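Inside the fold
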Amino acid sequence: MFVKRVICLLAVLMLVGCQPLQQINNQVQTPAQQADPVKEKPTEKDPIKEQLSKMTLEEKIGQLVIAGVDGYTKDNHTLELTSKYHVGGFIILGQNVENASQLLTLTNSLKADNKKVSTIPLFLGIDQEGGKINRMPNQILGTPTNKDIGKINNPGFSEQVGELLGGELKSFGMNLDFAPVLDINSNSKNPVIGDRSFGNTPQLVSDLGVATMKGIQSEKVISAVKHFPGHGDTSVDSHVGLPVVNNGLERIEQFELIPFKAAIKQNVGMVMVAHILLPKLDNSYPASMSKYIITDLLRKQLDFNGVVITDDMTMGAITKNYDIGQAAVRSVNAGADILLVCHDFAKETLVLNTLIAAAKNGSIHQNTIDESVHRILQLKQNYELADNTVPTVNVQNINDSIKRLFKK
């Protein structure tokens, strides 16, 4: 009996004592003895980077340009701009609009031509601000100026105005509105802003401008706010000459930049940079060609990660003071993603060919091009752009919407 008890006791001690020993042994196992570590998850692929890797240099450079159209219809120039130069988009100007049917035919034909040669959809943009900057056909009713909307001073109403503007563009198959103006009308001698501004205070312009921007975006139309870093305190029209603004950084941070900061915080997709010279920030080049203003101020200080577009490079501010091709190269190297070239097929192709040559000879670094194209493709993807044609446009419905909104 005694022997059996001893054997049982030993068995119990072994059962109790062996488990801790096993745990200790497990703790001192070498890596080779341990279980296989969890495998690292494969890095997620960036589809836009993959798309970039398959693009030719010419295709990439094309995305850096939005070009103009000569007349009421597509022609050999527009066909060459899409098939040979692969431009990223077109701007529709007043000279391109005769009536509603013609405008719809034009936008549909531009998209159809592009779809034959590219899987990347076009930007189709227009300056539809309201007031005197109205590019819609005459059959469509006009809308009040931003100055008039500023007097109402109701962000909810301003957002409805933005929805209306975005809806007008969408009806004609367009996807990019160069609006709203975020310039503060602080100079009574300003010949180009005036009633295009919501008012003369940063808060008013911020509140109403951002609301209008949101309204435009709600229609899946990209809003390009303008004219960074502020065109309100100028006395020269940049369409005909180069305005000079002698405000320093402290002043513009506390005044002109406030509406742009507000738009950036609310996820604006595109910012248009003005052709204005600010000697206290950059005494050599206008904002549209200034690395300090585009890269250091807009990108780094204001933390804008979207698409930067220049104002029209065929404006007098550029063509009367610079070689347009070299100005284009300088703008890209300064941080601009897209060059807006509204007029003259010869100037459009000069810009494109100069950019291609600069990329080939190293004057523009490949990384600079890829970063810009990545931002452009990302924006097009975010807004689900597609070169789908629009079968008809209902002018009466648009006019009814305008009447309902502005009779309130």
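Residues numbered from 1 in each chain as written. Predicted model: local features only at pLDDT ≥ 70, side-chain atom pairs only at ≥ 80, totals over all residues. Heavy atoms only, no water.

We now examine the overall build of the protein chain. Within the protein chain one finds 16 helices and eight strands. Excluding contacts between residues fewer than 6 apart, the proportion of contacts in the protein chain whose partners are at least 24 apart in sequence is 80%. Of the accessible surface of the protein chain, which amounts to about 18900 Å², a share of 51% is contributed by carbon and sulfur atoms. (Helix = DSSP H or I, 4+ residues; strand = E, 2+ residues; numbered from the N terminus. Contact = heavy atoms within 4.5 Å. Areas by Shrake-Rupley, 256 points an atom, 1.4 Å probe, with all protein chains shown as cover.)

Packing of helix α13 (residues 324–334) against helix α14 (residues 345–361) leaves a shortest axis separation of 8 Å and a crossing angle of 55°. In terms of orientation, α13 lies oblique with respect to α14. The handedness of the crossing between α13 and α14 comes out as right-handed. From α13, I324, G325, Q326, A328, V329 and V332 reach across to α14, where they touch K347, L350, V351, T354, L355 and A358. (Axes fitted to C-alpha atoms, helices over the stretch in contact; angles between N-to-C directions. Parallel < 35°, antiparallel > 145°, perpendicular 65-115°, else oblique. Left-handed = near helix turned anticlockwise from the far one by under 90°.)

This part covers helix α10 (residues 257–265). Buried within α10 are the following residues: L257, P259, F260, A263 and I264. What you see down the axis of α10 is that its buried residues fit within an arc of 160°, all on one side. Along its buried surface, α10 packs onto α8 (202–218), β5 (222–228), α9 (249–254) and α11 (291–301). Backbone geometry just downstream of α10 places N267 in the positive-phi region, at approximately 65°. (Buried < 20%, exposed > 50% of the residue type's maximum accessible area, 1.4 Å probe, protein only. Arc of directions from axis to C-beta.)

With that out of the way, let us pick up the pattern of salt bridges. Applying the stated criterion to the full structure yields 15 salt bridges. Linking E129 and R196 is a salt bridge whose minimum nitrogen-to-oxygen distance equals 2.7 Å. Note that E129 is positioned in the loop between β3 (123–126) and α6 (146–152) and R196 in the loop between β4 (176–177) and α8, a separation of 67 residues in sequence. Within this structure, D127, E129, R196 and K226 form a network of salt bridges that share partners. (Salt bridge = Lys/Arg side-chain N within 4 Å of Asp/Glu carboxyl O.)

This brings us to the sheet that holds β4. The strand order across the open sheet formed by eight strands is β7-β6-β5-β4-β3-β2-β1-β8, and the pairing between neighbours is parallel. In the strand order of this sheet, the two ends are held by β7 (307–310) and β8 (339–341), each with one partner. One ladder, built from three bridges, connects strand β1 (residues 65–67) with β8; its direction is parallel. Within the sheet, the bridge partner assigned to V65 lies in β8 and is L339. The sheet contacts of α8 involve β4 and β5, and relative to β5 the element is tilted by about 150°. (Pairing = 2+ DSSP bridges.)

The next thing to look at is the packing of helix α7 (residues 155–171) against α8. Their axes nearest at 6 Å, the elements α7 and α8 cross at an angle of 40°. Pair α7 / α8 crosses with right-handed handedness. Facing P155, S158, E159, G162, E163, L165 and G166 of α7, the residues of α8 in contact are D207, L208, A211, T212, K214, G215, I216 and S218. In terms of residue class, the contact of α7 with α8 is made up of five nonpolar, six polar and four charged. (Nonpolar A, V, L, I, M, F, W, Y, C, P; charged D, E, K, R; others polar.)

Looking now at α8. Under the 1.5 Å per step criterion, the end-to-end length of α8 is 24 Å for 17 residues, consistent within 8% with the ideal 24 Å. Most of α8 sits out of view: 13 of its 17 residues are buried. (Expected span 1.5 Å × (residues − 1).)

Across the protein chain, pLDDT averages 90, with 87% of residues at or above 70. A low-confidence stretch, residues 1–38 stays under pLDDT 50, and its non-local contacts, those more than four residues away or across chains, total one contact. (pLDDT = per-residue confidence, 0-100.)

Looking now at the nonpolar core. One finds F123, F172, F228, M270 and L355 to be the most contacted residues of the largest nonpolar core, which totals 117 residues. At seven residues, α14 tops the list of elements feeding residues into this core. For M270, the contacting residues outside a window of four places in its chain are F123, L176, F178, I222, S223, A224, V225, F304, V307, I309, I338 and L379. (Core = buried A, V, L, I, M, F, W, Y, C linked by side-chain atoms within 4.5 Å.)

Attention shifts here to the packing of aromatic side chains. Where two aromatic rings form a pair, the distance of their centres and the angle of their planes describe that pair. For the coordinates displayed, the defined rule picks out three aromatic pairs. Here F157 and F406 contribute two aromatic rings whose centre-to-centre distance is 5.8 Å and whose plane-to-plane angle is 90°, an arrangement assigned as edge-to-face. A residue pair is termed long-range when its members are at least 10 positions apart, and F157 in helix α7 and F406 in helix α16 (residues 395–406) qualify at 249 residues. F406 gets classed as partly exposed once you look at its relative accessible area, which sits at 25%. (Phe/Tyr/Trp six-rings, centres within 6.5 Å; stacked < 30°, edge-to-face > 60°.)

With that settled, the discussion passes to the environment of S372. Along the chain, S372 turns up in helix α15 (residues 366–382). Considered as a pair, S372 and V332 are 40 residues apart in the sequence and their alpha carbons are 8.7 Å apart. Filtering out sequence-adjacent residues up to four positions away, S372 remains in contact with L64, A336 and D337. Only 2.7 Å separates the side chain of S372 from the side chain of D337, close enough to count as a polar contact. (Polar contact = N/O pair within 3.5 Å; in protein donor to acceptor, adjacent residues only side chain to side chain.)

Topologically, S197 is positioned in the loop between β4 and α8. Engagement of the side chain of S197 in a polar contact is seen with the backbone oxygen of G199, the distance being 2.9 Å. Leaving out residues up to four positions away in the same chain, S197 has contacts with N146, K147, V181, D183, I184, N185 and V205.

Our focus in this paragraph is the pairing of strand β6 (residues 270–273). Taking every second residue as pointing to the same face, both faces of β6 are buried, with M270 and M272 on one and V271 and V273 on the other. In this structure, β5 lies alongside β6, joined through three bridges in parallel fashion. Looking across to β6, one finds that V225 is bridged to V271. The pairing of β6 with β7 spans four bridges and is classified as parallel. Counted as the bridge partner of M270 is V307 from β7. In terms of handedness, the path from β6 via α11 over to β7 forms a crossover that is right-handed. (Right-handed = clockwise from strand over helix to strand, strands pointing away.)

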